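Below are the chains, spelled out letter by letter.
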Amino acid sequence: MKIEKDGKRVKQEQIYKYRDCFCGEFKRIYLQGEPGSGKSFFAAKLVHDWCNVYAPIVQSTKKQIMFGDVDTLQKFRFLFFISLRDSREQTHVTQMIKTQLIYKIYAEDAWESAYKLVLKIMKNIRFLVIQDGLDEWPCKEALPSMDGIPRDQCIVLTTSRPWKLADERIRNSQIDILFDLQGISDPEEFNEKILRCLLDESTDIKTSVELFEEFLSDLNLESISSSPMLNTLVLCTWVDDRAERLTGSSLCELYTTLLENLCKKANSQISYFNPNHTSPVNSFSRTMYVKPNMEHIDAIAKAAFSFLFSNEKESSLVFSDVHLMAHLSPTAKQFALDSGLLSQKKGKKCTDQTLSFVHKTIQEFLAAFYIHRNADVIDDVISGYLLRNDTSYRDISQIFIFLCGFNISAANKLSAMMNELNVYINYHDYFQNCILSGYREAEANKNTQIHLHLSYFSFNRDNVEDLIQIWKLNTSRARSLRLGFGYIRPKYTYLIICSQDASSADCHEPGQVALPAREDHGPSTLNDEYGVRSSTSCIDLSLCHNLERLELYDSNADITVQPNALVSLKKLKDLTLRYTYKCEALDLSLCHNLERLELDSTTVQPHSLVSLKKLKYLKFGYYCKCEALDLSHFEHIQSIYLDKGVTLLPISLNNYKTLQDVRLCTTYDGLDLSLFENLKSIEISNNVKALPKPLLIHNKITHIMLEGFDFISLNNEAIYTWCLLNGADPVQYADYTPVLPSLKHIKLSDVTCSSTWLRSLLSTMLTLDHRMTCRLQTRNITSFDPEVKTSLRGSDMPACMEDADRLTKTRAYIITDSNNTCTFEVEGGCPGIWETLHSLNVKHLRLEGPNSSHLIVKVDLVQSLSRSLASLSQLKTLTMNLFFYIDLQLHPSLKHLNVCYNRLSPPELRHLVNKLCALTQSVECKLEICCGNKMTKSTANNIQPEEYIPIQQELEALEHVEVKRFRIYDRKPNTYRGSVDAWSVRGSVVDDGDNSDYIDEVKHFTYYIDDIDDHVFNRISMRLQINCYKEQT
């Protein structure tokens, strides 16, 4: 999963191999999954596979290859498995390793020496630590401490339920990579394996699997494949011929089946609940083994509740025999142990026995049953528990879902209590998902009077059908409404947002939503002036008097917002209507509390904005239309973004004191930069004309963007505007490009400029004491190099102009930093871009391509780059990622050369080293080479690495050259191409003993490795010292 900057977790590609988990530079790996999804099973399988990593590999079918690459685990010489639920009162991993591993393996007199041996081993070999069940760890800290453990060779895999990883104390920066466990990848194969363990050998397994899948389909239970535990439970029930009692996808019913199976183990007496009297819960009504054991079940349920809601969190899941006896009689305890509801573990001493429920969800199921029987605990106990911290509701989310099936009245009350808490600060979708799961459980148990509370709604294509029902119950309570269906059309494609108060013709009863009768809408019928189809769903906002935020985004649905849809939203503060929706003449005149407004695909009447006195953020996107907009009404405006569809009244921009961020792509004449007092960023197009008054330096501006400006035009208007934006007098800076000291980001979009002007800009950037980025998008950087001008092919003018246009399309990031460091990330073959380097005061230079070209520089005009490099008299370090070999001139000042080649042949390598050996200064060289000829668009030729060895031998014969490394790497078969571990060392003709291949920063070498084509089978790592004897002298 990808973690966005705002903390949102976005699912990406699915993985099937261990190498996808452990290849790369990830050291803190997290695996999250819902209850019963198989987190602990995956951890156990990993341990099992590691233990058998050297066992013979069984021939695998296609269905058996899921995480079958056990050879990947060979990199871990040691593995430490830690059960966090058993780590009571322990906060350090070192303590857990002692108590759970060393104390159980070694005699007491050898504990200390064994621990020292473990720490010594950790310093020298790579090892894996598995921390299973972070959500079950009974400590106040967010994560176990790794203090005392050498971390250079340590990889940590932690499993948890998702709510725990939403803890704000676990920063995104502490999670290198996050995996989301989806359950069973191949239900058919899974069921076949289980059935082979349960059925007689004479049984036709394939037929049994088909019959079981038909059974699941008939009961709408296909979704249980997301939980291996529930899938196994239902399968065992089906095999025992007791599946007829399952009537749907109710979790309560499934866990009741498990409870009955466990009760049967301890007491096989059969008794039924009287059909004329209500059973304790609906799911118990058809059981056989529950009623004879109800006294014990009630007592165990009370214990489950008491431990989960105890003030002593460390004993909520794992508890002592003394604590348990406070809740259970000896006979009830024995029943719990005999049935398997409880498990008991012995410690290193006889008195150190601990007990726990067989699975956390079993304890939560029983706790919910106790709440159902004793609803007063919601006010007496749970209310206080929820107030402990903002995330307490996550601890009991599974209990709440069970309660929705047992007792909807109690669940309604609990949902209201949770909804009043601050449950929406971080990861607010979690609470919505909890309510959705509870609603579905209540529906599965055929409960009526469902009135679950929810105030923040986020619709997407996966939840719209159920969430729209919850919306109908909470319209007056709703505070936030987000609609986003992504790029896949949702089931309910046609949607209208309206207000009953404004237009009763198109909507139904207040607060209600009309659902289409069928998914296939058939021919569209238009029945009103807005073209609303007869099958359109309608969201009525007339009763949403508490709504503070409304957002439509990334929608592939056909959404129409009626002009008066928002007239009832007196408390609305944030309105975002983005992308594909329809709206004409939107009326915002009654939204007096609006602070943030972002519109696209909308026609706005300017008079409807006059009353928005509290507005702070205004964005009218590319498709937004608004004529004669007057910004003078917005007294508190801080940020404006107006695209080309907006026209401004003259001198309407007068809120200079409050404005911090300005983006004007519309036409505006008379921008007075001198009046800004708190400006942080400004983006303007060439349609904006500035008055001859420069920006005041005290604004501390950090971002400047210019779009469409021509810096080589005769009127010098672009240079004039640039000087004003940077607080300078254009007259005084005719030969110098000023840059504000506070500036950090420059964007030049669709500009025309000369290499001379751009060089002047970079020269000033290099004088600043902080990192600065210039993002350049241009079709033309004028070159003044006569050799470049004559290099255009052909003599006829049309051909020359066509070629010039091809060469001068450039996108580049130019980054300068302290200590005269400069990075060029370039895409395109513009000759002028390399001329900007000429004679710059650069000490450390990096040349590479952008991500779109896999960080490989494609140099179309080698001579231009070569002349510029030769002119850098201060250059000390040069680092390059090159697509192929190019012949470059280097200045005598160079001390360090680092180059990665996508392909380099032996003749090219010989030419390179001969040129390096001819240098007169001492130079340290680091070369990473993929063995082969220069690639074309579709072909690549590999060359055996043995053909490169004579070059190494020639270098060894030179007195002034020291070959520190000549190491050959072979690609491992069936490995992920982007992993450093995909390469094995064949042998080293010469080796410096340094295991690191990094030629510079780790991330850049990782990019290089990731970019190596799958068809490259060999690479060579070289380390050379040129003129080393001269340096010694």
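Here's a quick rundown of the structure. (Residues numbered from 1 in each chain as written. Predicted model: local features only at pLDDT ≥ 70, side-chain atom pairs only at ≥ 80, totals over all residues. Heavy atoms only, no water.)

Scanning the chain for helices and strands turns up 29 helices and 41 strands. Considering the chain as a whole, with its 1033 residues, one finds that 53% of them fall into the buried category. As presented, the chain carries roughly 46800 Å² of accessible surface, and 50% of it is formed by carbon and sulfur atoms. (Helix = DSSP H or I, 4+ residues; strand = E, 2+ residues; numbered from the N terminus. Buried < 20%, exposed > 50% of the residue type's maximum accessible area, 1.4 Å probe, protein only. Areas by Shrake-Rupley, 256 points an atom, 1.4 Å probe, with all protein chains shown as cover.)

For the rest of this paragraph, the subject is unusual backbone geometry. The phi angle at Ser 601 is positive, at roughly 55 degrees, despite the residue not being glycine. Along the polypeptide, Ser 601 turns up in the loop between strand S20 (596–599) and strand S21 (602–604). Relative accessible area serves as the criterion here: at 21%, Ser 601 is assigned to the partly exposed category.

Moving on to the pattern of salt bridges. Enumeration over the complete set of coordinates arrives at 32 salt bridges. Among the salt bridges present, the one from Glu 189 reaches Lys 193, with a minimum N-O distance of 3.6 Å. Placement of both Glu 189 and Lys 193 in helix H6 (residues 187–198) is noted, with a separation of four residues, approximately one turn of the helix. Judged by its relative accessible area of 14%, Glu 189 is buried. The partner of Glu 192 in a salt bridge is Lys 206, with the nearest N and O atoms 3.1 Å apart. One end of the pair, Glu 192, is in helix H6; the other, Lys 206, is in helix H7 (residues 205–218), with 14 residues separating them in the sequence. For Lys 206, a relative accessible area of 45% translates into the label partly exposed. Residues participating in the shared-partner salt-bridge network are Arg 482, Arg 549, Glu 551, Asp 574, Arg 578, Arg 596, Glu 598 and Lys 619. (Salt bridge = Lys/Arg side-chain N within 4 Å of Asp/Glu carboxyl O.)

With that settled, consider the side chain of Thr 361. Tracing the chain through its elements places Thr 361 in helix H13 (residues 360–373). Aside from chain neighbours lying at most four places away, what touches Thr 361 is Pro 35, Arg 161, Met 229, Tyr 255 and Phe 402. (Contact = heavy atoms within 4.5 Å.)

Another aspect to go through is the pairing of strand S28 (residues 681–685). Among the five residues in S28, four count as buried, and that is most of the element. Judged from the four bridges that link them, strand S26 (residues 661–664) and S28 form a sheet pairing that is parallel. Paired with Arg 663 across the two strands is Glu 683, which belongs to S28. Relative to strand S30 (residues 703–707), S28 runs parallel, the two being bridged by five bridges. Bridge assignment links Glu 683 to a residue of S30, and that residue is Met 705. (Pairing = 2+ DSSP bridges.)

This part covers the pairing of strand S34 (residues 821–827). With five of its seven residues buried, S34 lies for the most part within the structure. Summarising the sheet, strand S33 (residues 810–817) and S34 pair through seven bridges and their orientation is antiparallel. What sits directly across from Ile 814, in S34, is Phe 824. Joining the antiparallel neighbours S33 and S34 is a turn of three residues, in which Asn 819 adopts a positive phi near 60 degrees. Bridge count for S34 against strand S35 (residues 844–848) is five bridges, and the pairing is parallel. Across the sheet, the residue bridging to Cys 822 is Leu 845, located in S35.

In contact at an axis separation of 8 Å, helix H9 (residues 251–266) and helix H16 (residues 397–406) are set at 95 degrees when each is read in the N-to-C sense. As judged from the angle between their axes, H9 and H16 are roughly perpendicular. Taking contact as the criterion, the partners of Leu 251, Cys 252 and Tyr 255 in H9 are, on H16, Gln 398, Ile 401, Phe 402, Gly 405 and Phe 406. In terms of residue class, the contact of H9 with H16 is built from six nonpolar, two polar and no charged. (Axes fitted to C-alpha atoms, helices over the stretch in contact; angles between N-to-C directions. Parallel < 35°, antiparallel > 145°, perpendicular 65-115°, else oblique. Nonpolar A, V, L, I, M, F, W, Y, C, P; charged D, E, K, R; others polar.)

Enumeration according to the criterion identifies 28 aromatic pairs in this entry. Relative to Phe 127, the ring of Phe 80 has its centre 5.8 Å away and its plane inclined at 90 degrees; by these criteria the two rings are edge-to-face. Placement of Phe 80 in strand S4 (residues 78–83) and of Phe 127 in strand S5 (residues 127–132) is noted, with a sequence separation of 47 residues between them. A relative accessible area of 7% means that Phe 80 is categorised as buried. Their ring planes at 35 degrees and their centres at 5.0 Å tell us that Phe 305 and Tyr 370 sit as a pair that is tilted. Linking Phe 305 in helix H10 (residues 294–308) with Tyr 370 in helix H13, this pair joins segments that are 65 residues apart in sequence. Take Phe 305 and Tyr 370: they sit in the same class, and that class is buried. Members of the aromatic cluster, joined through ring pairs, are Tyr 255, Phe 284, Phe 365, Phe 369, Phe 402 and Phe 406. The ring centre of Tyr 115 lies 4.3 Å from the NZ or CZ of Lys 98, which sits over that ring. Sitting over the ring of Tyr 969, Arg 1019 keeps its end group 4.0 Å from the ring centre. (Phe/Tyr/Trp six-rings, centres within 6.5 Å; stacked < 30°, edge-to-face > 60°. Lys NZ or Arg CZ within 6 Å of the ring centre and 35° of its normal.)

This part covers the sheet that holds strand S6 (residues 154–160). An order of S4-S5-S6-S3-S7 is seen for the five strands of this open sheet, with the pairing classed as parallel. Every other strand in the sheet has two partners, leaving S4 and strand S7 (177–180) as the edge strands with one partner each. Neighbour-to-neighbour, the strand axes of this sheet turn through a mean angle of 15 degrees, independent of strand direction. Relative to S7, strand S3 (residues 28–32) is paired through four bridges, and the arrangement is parallel. Directly across from Gln 32, in S7, lies its bridge partner Asp 180. Strands S3, S4, S5 and S6 of the sheet are contacted by helix H2 (residues 39–51), whose axis makes an angle of about 155 degrees with S5. With respect to the sheet, helix H3 (residues 93–105) is in contact with S4 and S5, its orientation differing from that of S4 by roughly 90 degrees.

Attention shifts here to the nonpolar core. Ranked by internal contacts, the top residues of the largest apolar core, which has 230 residues, are Leu 575, Leu 597, Leu 618, Phe 620, Phe 824 and Leu 845. Looking at this core element by element, the count peaks at nine residues for H10. Core analysis: the next-biggest nonpolar cluster, separate from the first, contains 30 residues, Val 93, Ile 102, Ala 114 and Ile 170 among them. (Core = buried A, V, L, I, M, F, W, Y, C linked by side-chain atoms within 4.5 Å.)

Spatially, the three strands line up as an open sheet ordered S8-S10-S9, and their pairing is antiparallel. What marks the edges here is a single partner per strand, and that holds for strand S8 (319–320) and strand S9 (342–345). As defined by bridge partners, S8 adjoins strand S10 (residues 354–357) across two bridges and the pair is classed as antiparallel. Directly across from Ser 320, in S10, lies its bridge partner Thr 354. Strand contacts of helix H12 (residues 330–339): S9 and S10, with the helix running at about 90 degrees to S9, the strand carrying the most contacts.

Moving on: the packing of helix H8 (residues 228–239) against H9. At their nearest, the axes of H8 and H9 sit 10 Å apart, and the two run at 60 degrees to each other. With respect to H9, the element H8 is oriented oblique. H9 is crossed by H8, and the crossing has left-handed handedness. Contacts between H8 and H9 involve Met 229, Leu 230, Leu 233, Val 234 and Thr 237 on the former and, on the latter, Leu 251, Leu 254, Tyr 255, Thr 257, Leu 258 and Asn 261. Looking at the contact of H8 with H9 residue by residue, the classes come out as eight nonpolar, three polar and no charged. (Left-handed = near helix turned anticlockwise from the far one by under 90°.)

By secondary structure assignment, the location of Lys 700 is in the loop between strand S29 (688–690) and S30. Judged by its relative accessible area of 56%, Lys 700 is exposed. With 41 residues separating them along the chain, Lys 700 and Pro 741 place their C-alpha atoms 8.1 Å apart. Filtering out sequence-adjacent residues up to four positions away, Lys 700 remains in contact with Leu 679, Lys 680 and Ser 742.

Let us now look at the environment of Tyr 30. Turning to its location among the elements, Tyr 30 is positioned in strand S3. Judged by relative accessible area, Tyr 30 falls into the buried class, the value being 6%. The sequence separation of Tyr 30 and Ile 130 amounts to 100 residues, and the corresponding C-alpha distance is 9.9 Å. In this view, Tyr 30 contacts Leu 134, Leu 143, Thr 158, Leu 165, Gln 174, Ile 175, Ile 177, Leu 178 and Phe 179; residues no more than four positions away in its chain are not counted.

What follows concerns H8. Along its 12 residues, H8 runs 16 Å from first to last C-alpha, staying within 8% of the 16 Å computed at 1.5 Å per residue. Of the residues making up H8, those classed as buried are Pro 228, Leu 230, Asn 231, Leu 233, Val 234, Leu 235, Thr 237 and Trp 238. Buried residues belonging to H8 abut H6, H7 and H9. (Expected span 1.5 Å × (residues − 1).)

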